[in-house]
Amino acid sequence: MATPHEPKQDRSRATRQRLLEATIDCLAEKGWAAATVSVVAERAGVSRGAAQHHFPTREDLITAALTYMFDTRTDQAVTAAVSESGPVRTEAVVAGLVESYTSPLFKAALQVWTHAAADPALRERIVPLEARFGRGAHRRAVEALGVDDSDPVTHHLVQATLDLARGLGLADVLTDDSARRKQIVHQWAATLHEALEARR
């Protein structure tokens with residue numbers, strides 16, 4: 001929480017961050033219908049007026065929250081893997097990507113994607129955002145794996161890994177799928193590593 005001694009700009013930044021994090025939590029835990037500006041503001045410990053000062057509409061708040069969380073959490077998901085090497089690194093990258101798709105962020109994004117499918121105005125905002133997320137996730141995966149994405153086969157292997165991670169994330173939405181998921185991650189990482197090494 002900000003204190004009276006913090007500069008106004010820092011307090012404003014802290015308020016904005018609390019709103020973004022509260023939005024993701026509300027979407028993930030309560031769903032689209034419950035994630036209103038009022039509910040998010042209350043959860044963040046700020047007034048509705050303060051929330052609307054930062055984000056005039058609910059759609060502004062939700063798209064900003066998804067962007068912020070994707071940028072920060074995807075970085076965290078693959079950064080730890082870079083210190084490893086060989087098959088251990090490949091498995092760490094795959095596990096990190098899968099973890100990012102089983103996080104509250106993915107569950108929150110899924111709520112928004114589902115609602116956007118039936119709301120043309122929201123869909124217009126979300127489709128370019130989702131495409132940006134996809135490109136960003138692919139780029140981070142390539143960097144973490146240390147591979148040459150200009151090779152078509154390598155490109156498709158990385159994309160298949162992301163598609164697998166998304167599918168495992170969907171399987172985890174209703175029930176805890178962690179035991180099966182761990183086995184799949186281990187097997188796919190070994191397969192992926194062998195295939196990528198053959199392309200080097």
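Scroll up to find the structure.
Residues numbered from 1 in each chain as written. Predicted model: local features only at pLDDT ≥ 70, side-chain atom pairs only at ≥ 80, totals over all residues. Heavy atoms only, no water.

Draft legend 1. Region of the structure containing the overall build of the protein. Of regular secondary structure, the protein possesses nine helices and zero strands. Overall, the protein shows an N-to-C arrangement of helices and strands of α-α-α-α-α-α-α-α-α. The principal-axis extents of the C-alpha atoms in the protein amount to approximately 55 × 40 × 35 Å. Across the 200 residues in the protein, those meeting the buried criterion constitute 40%. Within the protein, contacts between residues separated by at least 24 positions form 68% of all contacts whose residues are at least 6 apart in sequence. With 24 positive and 26 negative side-chain charges, the protein shows a separation of 5 Å between the mean positions of the two kinds. (Helix = DSSP H or I, 4+ residues; strand = E, 2+ residues; numbered from the N terminus. Buried < 20%, exposed > 50% of the residue type's maximum accessible area, 1.4 Å probe, protein only. Contact = heavy atoms within 4.5 Å. Lys, Arg positive; Asp, Glu negative; His and termini not counted. Charge placed at Lys NZ, Arg CZ, Asp CG, Glu CD.)

Draft legend 2. Seen up close, the environment of E124. Tracing the backbone through its elements, the reader meets E124 in helix 7 (residues 120-145). C-alpha separation for the pair E124 and S100, spaced 24 residues apart in sequence, amounts to 25 Å.

Draft legend 3. Here's a closer look at the environment of P104. For P104, the location among the structural elements is in helix 6 (residues 104-117). Separated by 92 residues in the primary sequence, P104 and S12 have C-alpha atoms spaced 25 Å apart.

Draft legend 4. Main features of the side chain of T90. Mapping T90 onto the fold places it in helix 5 (residues 86-101). A relative accessible area of 6% means that T90 is categorised as buried. In contact with T90, not counting residues within four places along its chain, are L145, A189, L192 and H193.

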